[in-house]
Amino acid sequence: MKHAGGVLFLAIVLAGAWWVYRTPERQDYNLVIFAFDGLQARHLPAYGYGVRNVTPNLDAFLRESYVFTNTVSAASWTVPSFMTMFTSLHPSEHKLTNKLMELETATGTAVVTANLKARNPGAVTLAEILKRNGFATAGFTGDAGVSGAFGYKDGFDVYMDSEAFGGFDGSIPPALVWLKEHKDERFFMFVHGYDVHGQHAPKDGFDYRYVPEGYSGPYTGSPKEQEALRERGLRDGTLVVSEADKEFWRAIYDEKINDADVEFAAFLGALEEEGVYNRTVVAVVSDHGTEFFEHGKMDHGHTLYGELLETLFAIHVPGREGRRVPDLVSTVDLTPTILGILDVQDEARSGMRGMDLTPSFSGKTVAHDAYSETDYRLYTHKRSVTTPDGWKFILTRESGLKELYDLTRDPGELKNLREEPRIAYELEQKLLIHLDQVGDRGPWSLGCLPVYATQCK
């Protein structure tokens, strides 16, 4: 019996060694990052949304993926957010914090266009890392906040950014053409669309499938209407709209999400048809959310509340069942985690701020503090820290305003807990130490910095 037991033990050890040995062999994994720009996690059934089943295809994908259900974005709008994902540096470090970075003192006009290498010559992107490790690389995007001119094209063999606020109907077809030509190579493909963004509308118009019957308000859901509401909120500080109008805009948003879900399913189907899905890691992300009057405004970039920071983050690894990971993580963790899955060893990893989350795949804890920033168009300069035990502290740099929220009891961040000075002080010190480490030392001057030509008129 002792001999039989020893044989059994040896067999188990060898089986485990075989699995450990086999895992690094999968270095031939491809990578796809599929990005829904502006998608608020709170509007996803997989993240607790119970109003409408808007993402049946995404939900099916998530059931077979590692889903990080408590992900905080490092920024609340596109320009800095995706660059944090791709460099694993905080916005104050990669310095791509606005489209136009400085104001001319005499005239108050913006004069310097943002570019990653101009702002931080040492920054290295995920595409650059994978390119020098043998990947064919291609990006197909909706331009605007991920324009190649900002540095997003760095490391890509091909980078499409020809249509501002373009949707998946513009980015997916050329992506699939490229895929057919490169499917026998090891590749990284970034596919991005503004389908759910306020500045994108369906080419064939809305069908208003979720709008309550009898809606008689003034809105049609157009990008111009959304832009006007955003600018008015920034100017006046708050918006006064009816409950019916609020419901209208959320219904329009859900229609966009539902349409994007169909595009996502078609894309996954194409990966299967081309025979690459079973050897491709697929990461699905959003860069930030969108506010629909939760704190009195519309759109994104202007605050660091949950409706803007809670984002989609999931990774499908071939042959793995996946699991839901409730730990607090950050979008700054994307690149280290991807490199961990792909087993890509690169010197750039030592300078990254994010955490490799792959230990969570086997149930280990990866929770950590999550830091966020926004300097949106110089209207404000806000910084925040969210902790794994459910506290959140927000500091507005230009005014010194301090906000503390207990997310466990107040997930909507509606009650600033001034009666908890000790906790607020401790979190403020933690935030200030972090900001000093990433070089966030101002100036925090205010103005109106246009991201697009129609703004600041």
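Parameters at a glance
- Residues numbered from 1 in each chain as written.
- Predicted model: local features only at pLDDT ≥ 70, side-chain atom pairs only at ≥ 80, totals over all residues.
- Heavy atoms only, no water.
- Pairing = 2+ DSSP bridges.
- Helix = DSSP H or I, 4+ residues; strand = E, 2+ residues; numbered from the N terminus.
- Axes fitted to C-alpha atoms, helices over the stretch in contact; angles between N-to-C directions.
- Buried < 20%, exposed > 50% of the residue type's maximum accessible area, 1.4 Å probe, protein only.
- Salt bridge = Lys/Arg side-chain N within 4 Å of Asp/Glu carboxyl O.

Visitor: Can you help me understand the sheet that holds strand 2 (residues 66–72) in this one?
Guide: The strands making up a sheet associate through backbone hydrogen bonding, with each pair oriented either parallel or antiparallel. Read across the sheet, eight strands follow the order 4-3-5-1-6-9-2-10 without closing on themselves; strand pairing throughout is mixed. Each end of this open sheet is capped by a strand with a single partner; those strands are strand 4 (158–160) and strand 10 (323–330). Going from strand to strand, the sheet's axes swing by 15° on average, the running direction of each strand aside. Sheet topology note: the strand 1 (residues 30–36)/strand 5 (residues 187–193) ladder contains six bridges and is parallel. Paired with Leu-31 across the strands is Phe-188, a residue of strand 5.

Visitor: Would you explain unusual backbone geometry in this entry?
Guide: Residues apart from glycine generally show negative phi values, whereas peptide bonds are mostly found in trans. Here the residue pair Gly-442 and Pro-443 is connected by a cis peptide bond, since its omega of 5° sits within 30 degrees of zero. As for its position among the elements, Pro-443 is in the segment after helix 12 (421–437). Although it is not a glycine, Tyr-208 adopts a positive phi angle of roughly 60°. Here Tyr-208 lies in the loop between strand 5 and helix 8 (223–236). Judged by its relative accessible area of 33%, Tyr-208 is partly exposed. One non-glycine residue, Phe-293, lies in positive phi territory at about 75°.

Visitor: Please clarify how the pattern of salt bridges should be interpreted in this entry.
Guide: In the structure shown here, the tally under the stated rule is 33 salt bridges. The partner of Lys-117 in a salt bridge is Asp-154, with the nearest N and O atoms 3.4 Å apart. Residue Lys-117 is located in helix 5 (residues 116–119), and its partner Asp-154 is located in the loop between strand 3 (136–140) and strand 4; the two are separated by 37 residues in the primary sequence. Overall, Asp-154 belongs to the buried group, its relative accessible area being 17%.

Everything listed here is a matter of geometry and, on its own, says nothing about what the molecule does.
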